[in-house]
Amino acid sequence: MQLTKLALGLGLALGMAATALAQTTMRISISTAQNSHQGVAIDTFAKEVEKRTGGRYKVQTFYNGALGGERESIEAVQLGTQELAFSSTGPVPNFVPETKILDVPFLFRDKAHARAVLDGQIGQDLLTKFDAKGFKALAWAENGFRHMTNSKRDVKTPEDLKGLKMRTMENPVHIAAYKGFGIITTPMAFPEVFTALQQGTVDGQENPLPVIISAKFDQVQKHLSLTGHVYSPCIFVMNKGVFDKLSAADKQAFIDAAKEGTKANRARVDEDDAKGVADLRAKGMTVIDDLDKSKFVAALAPVNAQFEKEFGKANLDKIRNYK
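Residues numbered from 1 in each chain as written. Predicted model: local features only at pLDDT ≥ 70, side-chain atom pairs only at ≥ 80, totals over all residues. Heavy atoms only, no water.

Colleague: In this structure, what is going on with the pairing of strand β3 (residues 84-88)? I would like to understand it.
Modeller: For a regular strand, side chains alternate in direction, first toward one face of the sheet and then toward the other. For β3, the tally of buried residues reaches 5 of 5 residues, placing the bulk of the element in the interior. Side-chain alternation along β3 places Leu84, Phe86 and Ser88 on one buried face and Ala85 and Ser87 on a second face that is also buried. Where β3 and strand β8 (residues 223-239) come together, 5 bridges link them in antiparallel fashion. The partner of Phe86 across the bridge, within β8, is Phe236. (Buried < 20%, exposed > 50% of the residue type's maximum accessible area, 1.4 Å probe, protein only. Helix = DSSP H or I, 4+ residues; strand = E, 2+ residues; numbered from the N terminus. Pairing = 2+ DSSP bridges.)

Shown next, in the form of structure tokens:
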């Protein structure tokens, strides 16, 4: 009897040890807070990966730039020192130049248009461009339409932007466009932005409402203008070598988990956009929500002419006119 119990105990112990050995842990990171549209994305993704792989894969989640800013995280995924990252497309063109086209100002009519482009053939073709650069792009998600904040003055017209020192993402298309507005651009990783605003190193920044809310920029910025000048996607990226080693079923599990993360992420963006203006006004921000966007579009005419040369007018029109 004692031998049977001993054998049973050993069997259970060995079984548990085998299960423990069979579980592979991976890491995914974001630069924003857990309580944000990006936090919801990676939390949902991690939960779905574990569920869809029967617990064989566990994804550890890191927030607030704990593993570095977006550019550093993407670089770590490319090098294989980090398995996964979730990032806005801000620094992505530095790794996958074909994605630069998505950052052209006033390219998308609204969120429905942007989501249709990313979920359709154009977006899916762009995902394949990551393969040659050491990534597996699992799915497009969303950061949102970017708006401008600053500590100096109300911005109602493009002229009001002239001379403002603004933090920009490390993105060549954004930098070119904002210089077109007369902004003094200061590229900076996101984890450094709050302190730079607080200390007056820069006057302002631009980000979607969900980021402005979750980063508590209302504490260091007085003026918000709903310029909606650029639509900012997000993306789930995985190290290509790590992805390639997965079984066909597990590859699909990671892709499907990313799609679920995208659903949760977009729902949170919609929620934040719906309540964001009232929320930020209640916190003391002055919000300009009735500016004439056509003036901002017109101010960028020379820059847009450059973009049409760089990307091809037909390629931009294909996105602009996408149904």
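Colleague: For this particular structure, what's the right way to read unusual backbone geometry?
Modeller: One can expect most non-glycine residues to show negative phi and most peptide bonds to be in trans. Positive phi, close to 55 degrees, is recorded for Asn64, a residue that is not glycine. One can find Asn64 in the loop between β2 (57-62) and α3 (70-79). Residue Asn64 is classed as exposed on the basis of its relative accessible area of 53%. Here the phi dihedral of Phe106 falls at roughly 55 degrees; this positive angle occurs in a residue that is not glycine. Relative to the assigned elements, Phe106 resides in the loop between β3 and α4 (111-119).

Colleague: Help me out: how do you make sense of the pairing of strand β5 (residues 165-168) in this one?
Modeller: The pairing of β5 with strand β6 (residues 184-187) spans 4 bridges and is parallel. Bridge pairing in β6 places Met166 opposite Thr185. As a crossover connection, the stretch from β5 through helix α6 (residues 172-180) into β6 is right-handed. Where β5 and strand β7 (residues 204-208) come together, 2 bridges link them in parallel fashion. By the bridge assignment for β7, Arg167 is matched with Gln205. (Right-handed = clockwise from strand over helix to strand, strands pointing away.)

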